[in-house]
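# Results of the structural survey
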Protein chains: 2
Amino acid sequence: MTDKIQSTEAYKGVRDFYPEDMAVQQYIFSVWSDTAESFGFERYDASVLEPADLYKAKGAENEEMVNEQTYTFTDRGNREVTLRPEMTPTVARMVAGKRRELSFPVRWYSIPNLFRYERPQRGRLREHWQLNCDIFGTNDFTADVEIIALAYQMLLNFGADSKNFEIRINNKQLMTDFFANKYQITDVETLRQISGVLDRKRKVAESIFDGLLEEFVQERFEELREDLKLNIDDFVKLVNAENQNSTLIKVKDGLKDLGIGNVVFDASLARGFNYYTGTIFEIFDVSGENNRAMLGGGRYDNLTEMFGGEAISGIGFGMGDVTMRDFLETHDLLTSNITAPDLMVIPTDPKYNLESQQIAMDFRNQTGVSATVDISTKKLGKKIGDASDRLVDYIIVVGDDEATSKSFTLKYLNEDKKHTGTIAEIIEQFSSDTN
Amino acid sequence: MTDKIQSTEAYKGVRDFYPEDMAVQQYIFSVWSDTAESFGFERYDASVLEPADLYKAKGAENEEMVNEQTYTFTDRGNREVTLRPEMTPTVARMVAGKRRELSFPVRWYSIPNLFRYERPQRGRLREHWQLNCDIFGTNDFTADVEIIALAYQMLLNFGADSKNFEIRINNKQLMTDFFANKYQITDVETLRQISGVLDRKRKVAESIFDGLLEEFVQERFEELREDLKLNIDDFVKLVNAENQNSTLIKVKDGLKDLGIGNVVFDASLARGFNYYTGTIFEIFDVSGENNRAMLGGGRYDNLTEMFGGEAISGIGFGMGDVTMRDFLETHDLLTSNITAPDLMVIPTDPKYNLESQQIAMDFRNQTGVSATVDISTKKLGKKIGDASDRLVDYIIVVGDDEATSKSFTLKYLNEDKKHTGTIAEIIEQFSSDTN
């Protein structure tokens with residue numbers, strides 16, 4: 001038994017969600033889920049605990065990731081357990097597990113919390129939440145169009161202006177063909193390294209970028225740098241691959257047909273070479289203040305392979321709660337984060353607390369408003385001030401006069417209006433106001 | 001790198017939530033949160049990761065619990081971390097951490113997932129979700145009335161009949177006084193053991209119960225057994241303690257004033273002697289088929305003591321998702337667990353997929369329905385059958401005729417009704433139906 005005074009600090013690198021922060025979190029989650037469901041996506045989830053093997057299967061690089069960057073421990077049954085660092089292996093496991101029962105294509109979304117064992121630093125928490133949306137079981141290009149349209153609609157539904165962001169697209173297969181056909185680079189590991197370099201294009205000076213390219217293409221680095229600046233039609237023509245390549249153009253044209261115009265081709269968009277096999281995309285905040293990727297995703301055709309059976313093709317994206325909240329704050333899109341009840345019943349003395357509870361219950365049950373009682377021992381003026389500060393809409397004071405006469409006043413705090421009478425009478429007047 | 005075929009099994013003792021199960025889970029969570037918010041409760045949350053010390057502070061018994069029944073491991077910074085087994089220590093930590101800023105009393109709720117390291121068995125999972133509702137910062141008896149009224153309303157809002165359950169109440173202080181005054185038992189450890197025995201009263205035969213009581217009160221076991229059968233007024237008179245004791249009667253009368261009549265006094269209701277200090281209660285399913293406690297809670301006055309400063313009084317309850325779902329299934333209160341989109345647009349051929357996406361988008365944006373496209377390669381009849389099976393409300397087929405004539409038909413699947421015309425026209429007709 002420890003008798004020392006306990007710290008009230010949370011565990012290092014994770015967040016406590018007090019009501020004002022939880023309200024923002026719930027608002028973000030509700031826009032995410034409402035938008036996903038408006039597109040016919042169904043929600044799923046799983047435990048944060050997963051067998052560690054699930055993350056080791058993707059190759060040596062991942063083994064290192066599991067050992068060094070995840071929370072992995074051994075349980076008393078000698079099982080290695082990992083706190084999920086990403087949702088994709090979990091959803092691949094679930095889809096593979098019911099491949100015979102599911103009616104493909106399926107549209108699934110989830111809002112899991114994910115864990116990374118990192119040194120905590122600004123914006124790099126050990127736990128965060130991430131929306132994951134995926135379409136499994138089709139490689140039709142219109143699924144690519146749909147998933148990007150869904151990502152786009154997410155931002156609009158938060159009140160964002162499409163001028164503030166752009167959708168950057170590319171195609172992994174096209175890039176593989178490009179490096180094979182024009183630069184005779186086909187080694188997977190080399191392609192992965194190039195991919196890492198491409199992802200740094202916007203972050204480093206051109207001379208540094210040139211230097212990085214030089215390692216792979218020697219004196220042809222200027223040629224490669226200029227190739228990467230081509231527009232979508234010229235680039236596709238340059239590669240001249242027939243099937244996959246045109247997917248990129250079909251996706252771009254499809255988005256245009258849906259009225260989504262802020263789409264740009266970006267040959268330097270890479271997103272790692274391990275994972276994706278077709279369309280890849282990112283939504284980028286171009287407003288200046290918050291210049292960063294808001295979300296990213298793409299098509300992966302081999303994801304369920306490690307569970308055996310025929311591979312199931314999928315396309316999806318993920319977006320994080322921290323990035324989302326930063327975006328909303330930067331663009332002043334969070335109006336209010338207060339979760340106040342509609343009605344506060346205010347007894348002037350604790351002896352009226354119970355009668356006030358009855359009034360709150362009558363309003364709750366008969367009008368559908370949320371209602372609560374200020375059972376603190378504060379003075380009346382302070383109680384009314386608190387209700388106003390919390391942005392409560394209506395108050396009813398219960399004091400000696402009201403308790404004796406059974407005549408109460410429902411006061412509107414946002415307009416110059418009130419109703420006086422018995423509880424039954426003011427409920428009736430209130431209901432006719434709001435109908 | 002492991003090349004073996006991965007298992008699609010979840011980690012032992014936890015659940016995967018496929019969409020049909022997730023829909024039930026989300027339904028339960030939404031009734032919980034809507035009801036809590038209708039009472040003015042604000043939602044909070046924290047990470048599942050907590051410092052292990054948080055659970056060790058409550059005494060030797062807890063040290064054992066932390067070591068043997070929780071997931072506890074040491075991180076690379078040599079911190080002992082526990083996956084939270086219950087929410088109360090977390091919320092006590094959070095309340096204590098902001099005691100100077102919070103305007104008490106506060107009404108808080110949360111729906112955390114909790115972890116116990118147990119041998120998995122039916123109904124005893126290693127991870128479950130639990131609604132937690134608490135009022136902190138007042139010991140006014142009307143808070144006790146309110147929290148019980150909230151628990152009661154939870155069940156009504158799921159469609160339960162109040163005849164199917166009863167609210168059992170008792171008071172820890174009253175029981176302490178009872179054993180001190182009448183049986184001269186004051187030792188805390190002995191009281192805890194008696195509490196364990198009382199909790200078994202309904203589960204064992206009377207002769208066994210008598211034998212258990214005998215250990216503590218010797219030949220007076222029959223007297224004690226009869227005392228425990230007294231009605232509320234006689235029991236309170238017997239104890240004759242003046243302050244706390246009458247709280248029990250005030251709470252019962254207060255609930256009656258709110259129209260909550262299915263409340264019974266139960267002197268054998270104990271709920272462990274460590275934790276609670278005043279009112280304790282349980283809601284019990286008395287329908288016969290599911291005879292068990294649905295939820296339980298009580299008042300604790302010392303909970304924030306371990307964080308230093310003056311103790312903050314609270315009262316709360318918890319209820320689990322597994323118990324809740326069993327209750328709903330037993331009483332046939334789960335109507336549908338399908339999450340279908342309202343409108344399914346059905347292309348007869350993949351070449352109409354994109355045009356179908358546009359139609360879905362127009363409906364989504366202009367009417368507010370959820371809408372999606374069947375981009376599978378199934379035959380038309382199968383697609384229509386699938387939409388009907390999924391309980392979709394409306395379909396629009398997009399084939400050669402429609403694509404050429406630009407005249408489409410919106411078909412209602414639940415009634416003999418349809419609209420034909422351009423997309424703009426059928427959106428207008430549909431909107432006037434639903435307004």
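The structure presented is a predicted model; accordingly, all values stated were derived computationally and were not measured. (Residues numbered from 1 in each chain as written. Chains lettered and ligands numbered in written order. Predicted model: local features only at pLDDT ≥ 70, side-chain atom pairs only at ≥ 80, totals over all residues. Heavy atoms only, no water.)

### Some points on the confidence of the model for chain A
Mean pLDDT over chain A: 90, with 93% of residues reaching 70 or higher. Scored as a whole, the predicted complex attains pTM 0.94, and scored at its interfaces, ipTM 0.93. (pLDDT = per-residue confidence, 0-100.)

### Thoughts on the side chain of B:T372
Among the secondary structure elements, B:T372 is positioned in strand 14 (residues 371-373). Taking relative accessible area as the criterion, B:T372 reaches 1% and is therefore assigned buried. Within polar-contact distance, the side chain of B:T372 engages the backbone oxygen of A:F39 at 3.2 Å. When near neighbours in sequence (up to four residues on either side) are disregarded, B:T372 contacts A:F39, A:G40, A:R107, A:E146, B:P341, B:L343, B:M344, B:V345, B:A360 and B:R364. (Helix = DSSP H or I, 4+ residues; strand = E, 2+ residues; numbered from the N terminus. Buried < 20%, exposed > 50% of the residue type's maximum accessible area, 1.4 Å probe, protein only. Polar contact = N/O pair within 3.5 Å; in protein donor to acceptor, adjacent residues only side chain to side chain. Contact = heavy atoms within 4.5 Å.)

### With respect to the sheet that holds strand 15 (residues 394-398) of chain A
Either a parallel or an antiparallel arrangement is found when strands of a sheet pair, and the pairing is made through backbone hydrogen bonds. Residue and element names in this part refer to chain A. If you trace the five strands from one edge of the open sheet to the other, you get 14-13-15-16-17, paired in mixed fashion. In this open sheet, the two strands that pair with only one neighbour each are strand 14 (371-373) and strand 17 (418-421). Direction aside, the axes of adjacent strands within the sheet are offset by 20° on average. Here three bridges tie strand 15 to strand 16 (residues 408-412), and the two strands are oriented antiparallel to one another. (Pairing = 2+ DSSP bridges. Axes fitted to C-alpha atoms, helices over the stretch in contact; angles between N-to-C directions.)

### What about the side chain of A:S431?
Looking at where A:S431 falls in the secondary structure, it is placed in helix 16 (residues 423-434). Of the polar contacts made by the side chain of A:S431, one reaches the backbone oxygen of A:I427; its length is 2.8 Å.

### What to know about the relation of the copies chain B and chain A
Superposing chain B onto chain A requires a rotation of 180° together with a translation of 0.0 Å along the rotation axis, leaving an RMSD of 0.0 Å. Each copy turns onto its partner about a two-fold axis. Every residue of chain B has its C-alpha some distance from the rotation axis, and the shortest such distance is that of B:F73, at 3.5 Å. (Least-squares fit on C-alpha atoms with pLDDT ≥ 70 in both.)

### A look at a negative patch on the surface
Residues and elements named next belong to chain A. A surface patch of like charges, here negative, comprises D233, D234, D253 and D257. Mapped by element, the contributors of at least two residues to the negative patch are helix 10 (232-239) and helix 11 (244-257). Its place among the elements puts D257 in helix 11. (Patch = residues over 30% accessible without salt bridge, like charges linked within 9 Å, V, L, I, M, F, W, Y side chains within 5 Å. Areas by Shrake-Rupley, 256 points an atom, 1.4 Å probe, with all protein chains shown as cover. Salt bridge = Lys/Arg side-chain N within 4 Å of Asp/Glu carboxyl O. Lys, Arg positive; Asp, Glu negative; His and termini not counted. Charge placed at Lys NZ, Arg CZ, Asp CG, Glu CD.)

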